[in-house]
Amino acid sequence: MHTLPELPYAYDANEPFIDAQTMEIHHTKHHNTYVTKLNDALSNYPDFQSTDLTDLLKDIESLPADLQGPARNHGGGHANHSLFWTILGGRGGEPDGLLGEAINSHFRDFTSFKHTFSNTAASVFGSGWAWLVINDGKLEITGAPNQNSPISLGQTPILGIDVWEHAYYLKYQNRRPEYIDAFWNIINWEKVSEYYTQSS
Ligand code: MN
């Protein structure tokens, strides 16, 4: 059984950049639906019920045909949101330490990194995510459609932004770039650094 994780902060912790109502609906309705539908799909496949979520996502093609779609969409949705909540609730700014150095060496400097990441997020067509991932030991920025998880591509996501309209529509309506700008103020870089250090 997969379960909806608690948020590590209150629904209003990201105000005014992401409003409390959006956080609550996003967590208790959208994320919860991914968890419920993943469990529903797994109810037909007892052999996979105790499989770790990361392991389910790593090799989707190896799963039974009827489980591949639910794993990609609902399993991906569950994994993506579970990571997303943990990298919010911070104070923004810039990362220091090893991650700060790695960003400077892969993207020249933080400003260039921020620019490329924001452009990638703004350019995702329709619903999807932009990610900072570790791929073959190197930092990369990627965009992904729907709930496709970078884990299914052999990558380790360490920072992501949800650009589905449900993530920002109440406050920003169609103004996705404003939501992306706001995102930089609430990143928890300590958490992202932790993910980087664990995986690199
Ligand atoms: Mn979402």
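In this text, all values refer to a predicted model and were calculated from it rather than measured experimentally.

(A) Quick peek at the side chain of H31. Assignment of secondary structure puts H31 in helix α1 (residues 20-42). Residue classification places H31 among the buried residues on the basis of a relative accessible area of 0%. Among all residues touching H31, those that are not within four sequence positions of it are L4, P5, H26, H78, H81, S82 and W85.

(B) The domain arrangement of the protein chain, seen in detail. Split into domains, the protein chain comes out as domain 1 (20-86) and domain 2 (97-199). On a C-alpha basis, the centres of domain 1 and domain 2 stand 20 Å from each other. Tallying the contact residues gives 19 residues for domain 1 and 24 residues for domain 2. Counting the surface lost from both domain 1 and domain 2, the interface buries some 1600 Å², and carbon and sulfur atoms represent 61% of this. Together, N80, L83 and F84 form the three largest contributors to the area buried by domain 1 at its contact with domain 2, with a combined 34%. In this structure, the connection of domain 1 to domain 2 is made through eight residue pairs in polar contact (both at pLDDT 80 or more).

Conventions adopted
- Residues numbered from 1 in each chain as written.
- Predicted model: local features only at pLDDT ≥ 70, side-chain atom pairs only at ≥ 80, totals over all residues.
- Heavy atoms only, no water.
- Helix = DSSP H or I, 4+ residues; strand = E, 2+ residues; numbered from the N terminus.
- Buried < 20%, exposed > 50% of the residue type's maximum accessible area, 1.4 Å probe, protein only.
- Contact = heavy atoms within 4.5 Å.
- Domains from an automatic or database assignment.
- Buried area = accessible area lost by both parts, 1.4 Å probe.
- Polar contact = N/O pair within 3.5 Å; in protein donor to acceptor, adjacent residues only side chain to side chain.

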